[in-house]
Each structure stands twice: as structure tokens, then as C-alpha cells.
Amino acid sequence: MKNEQLIFDLYRINAIKFGDFTLKSGKTSKIYIDLRQIISHPDVLRAVANTIWQQIKDCQFDLICGVPYTALPIATCISLEHNIPMIMRRKEKKDYGTKQQIEGAFQPGQTCLIIEDLITTGSSIIETADELEAVGLRVTDSAILIDREQGGRENLQQRNYQVHSAFTLQELLNTSANS
């Protein structure tokens, strides 16, 4: 598998945990993927960003937006490495200053690629897409490191968003089982 080294690195930094977990979707899982760990490991963060980039390098978009919060450093790496403008969605609405939900320079009609660490149901990407579309941006594609294969891809495709994932949860588990 082409992502084998990255998967090994995710295990090495303890980003993959086993136990009993409740996911954002409310579903329970015996595996939790904590990609927030990558911010403390620049080599792994860079590898994640490069792996996601390989999935979307041929897509057409003007801007990128990482889903808050875990995907923000990934999007930042891609923005810096490939000189692509980035915008940021605020997770919380602020009631002071400009009160903007979307930060950064953009023009209505531009196409924004959404970057996410992993998907279960796709709800975080849909929330982000709704905010981007509310300010006149177009969303056609999303780039994900890991697809948990629990309906997220199908939910996003129903909204006509192309889903580009580096690997699935099953591939991640198979890689660890074969090591």
C-alpha cells in the first residue's frame, strides 16, 4: 500500500487508539483516530498534507478551507507548500468586530476545496460547505485523509461534492494487522 509508512507513523505518534469511544456523529467505535496529534510531529503533519495533496492536485479550485480545528494545520501546510490562498471558517459565531463567519480574502463565485482529516458521516464538511456557500463560494470537492466508510462519502456525493480520500479505515486496520 502506498500510504503504509504514513499509517505506521500515525500508530507511532499514538494517533490511533483502541477502546470504547463515542464519535461526533454519536456512533460508538472501538477505534479512535486522533489526528490532532500530528501538530506535535512536523514530519507526520507534512506527510499528511502531502498525501492529501496527491488526492487533489488535479482538481480545479481557487481557495482551500480546512474544517475546524484538526484540518486547519493540514490546510495551512498545503497553502504554504503550493501557494494556494486559504480561508478559514470560524466554528463559533462571534458577536464583535466584523462578525464574519469566513475569514480571509475571497470573492463570491470562487471555488473552495474543503480539507478534512477524516469522515464518518460527513457532517463537519457539510457544515463547512453550508457556511462557504452562504457567502457565495462554490464547493465541488473535499479532500480527506481517512474515510471511516460509515456513510460520509455517500452523504457528500448526494450534495454533488466529489470526495477524494487517501485511504479507508479498513486499509488502515489491514496495514496494522499485516505489520
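Structure: see above.
Visitor: Please provide a residue-by-residue account of the sheet that holds strand β8 (residues 162-168), values included.
Guide: Pairing is mixed in the open sheet, where six strands are placed in the order β5-β4-β3-β6-β7-β8. Since the sheet does not close on itself, it has two edges, and those belong to β5 (102-103) and β8, each with one partner. As paired elements, strand β3 (residues 63-66) and strand β4 (residues 86-89) share three bridges and run parallel to each other. Opposite Ile-64, over in β4, you have Met-86 as the bridge partner. Packing of helix α2 (residues 42-56) onto the sheet brings it into contact with β6 (112-119), β7 (141-147) and β8, and relative to β7 it is tilted by some 130°.

Visitor: Which residues make up the pattern of salt bridges, and what are the values?
Guide: Tallied over the entire structure, the rule returns nine salt bridges. With its nearest N and O atoms 3.5 Å apart, the salt bridge here joins Asp-9 to Arg-12. Separated by three residues within a single helix, Asp-9 and Arg-12 lie in helix α1 (residues 4-12), roughly one turn from each other. Classification of Asp-9 by relative accessible area gives buried; the value is 13%. Two residues, Glu-103 and Arg-90, come together in a salt bridge whose shortest N-O distance is 2.9 Å.

Visitor: Let's hear about α2: which residues, and what values?
Guide: Between the first and last C-alpha of α2 there are 21 Å, a value that for 15 residues agrees with the 21 Å anticipated at 1.5 Å per step. Those residues of α2 lying buried are Val-44, Leu-45, Val-48, Ala-49, Thr-51, Ile-52, Trp-53, Gln-55 and Ile-56.

Visitor: If you had to explain helix α3 (residues 71-82) to someone new, which residues and values would you point to?
Guide: Over its twelve residues, α3 extends 16 Å from the first C-alpha to the last, a length consistent with the 16 Å expected when each residue adds 1.5 Å. Looking only at α3, the buried set comprises Ala-71, Leu-72, Ile-74, Ala-75, Ile-78 and Ser-79. Axial view of α3: buried residues confined to an arc of 160°, hence all on one face. Exposed positions of α3 whose direction lies more than 90 degrees from the buried face are Leu-80 and Glu-81. On its buried side, α3 packs onto α2, β3, β4 and β6. Following α3 by one or two positions, Asn-83 adopts a phi angle in the positive range, close to 55°.

Visitor: Pulling in residues and values, what's your account of the environment of Gln-158?
Guide: When you line up the elements, Gln-158 lands in helix α5 (residues 152-158). Distance from Gln-158 to Phe-21, taken between C-alpha atoms, is 28 Å for residues 137 residues apart in sequence.

Visitor: Residue-level account of the pairing of β8, with values.
Guide: Among the seven residues of β8, six are classified as buried, and the element is accordingly described as predominantly covered. In this sheet, β8 lies alongside β7 in parallel orientation, the contact comprising six bridges. Residue pairing across strands places Asp-147 opposite Thr-168, the latter belonging to β8. With respect to chirality, the unit in which β7 leads through α5 into the neighbouring parallel β8 is right-handed.

Visitor: Quick rundown of the nonpolar core? Include the residues and the values.
Guide: With 53 residues, the main nonpolar core has Leu-10 and Leu-145 as its most contacted residues. With seven residues, the top contributor of residues to this core is α2. Leaving out residues up to four positions away in the same chain, Leu-145 has contacts with Leu-6, Leu-10, Leu-35, Val-48, Thr-51, Ile-52, Glu-116, Asp-117, Ser-165, Ala-166 and Phe-167.

Visitor: Talk me through the side chain of Arg-148; I want residue IDs and the actual numbers.
Guide: Among the secondary structure elements, Arg-148 is positioned in the loop between β7 and α5. Of the side chains bearing the opposite charge, Asp-147 lies closest to the buried Arg-148, which forms no salt bridge; the N-O distance is 7.9 Å. Side chain to side chain, Arg-148 and Ser-29 meet in a polar contact 2.6 Å long. Once residues lying within four places of it in the same chain are set aside, the contact partners of Arg-148 are Leu-23, Ser-29, Ile-31, Ile-33, Leu-118, Ile-119, Thr-120 and Leu-169.

Cut-offs applied
Residues numbered from 1 in each chain as written. Predicted model: local features only at pLDDT ≥ 70, side-chain atom pairs only at ≥ 80, totals over all residues. Heavy atoms only, no water. Pairing = 2+ DSSP bridges. Helix = DSSP H or I, 4+ residues; strand = E, 2+ residues; numbered from the N terminus. Contact = heavy atoms within 4.5 Å. Axes fitted to C-alpha atoms, helices over the stretch in contact; angles between N-to-C directions. Salt bridge = Lys/Arg side-chain N within 4 Å of Asp/Glu carboxyl O. Buried < 20%, exposed > 50% of the residue type's maximum accessible area, 1.4 Å probe, protein only. Expected span 1.5 Å × (residues − 1). Arc of directions from axis to C-beta. Right-handed = clockwise from strand over helix to strand, strands pointing away. Core = buried A, V, L, I, M, F, W, Y, C linked by side-chain atoms within 4.5 Å. Lys, Arg positive; Asp, Glu negative; His and termini not counted. Polar contact = N/O pair within 3.5 Å; in protein donor to acceptor, adjacent residues only side chain to side chain.

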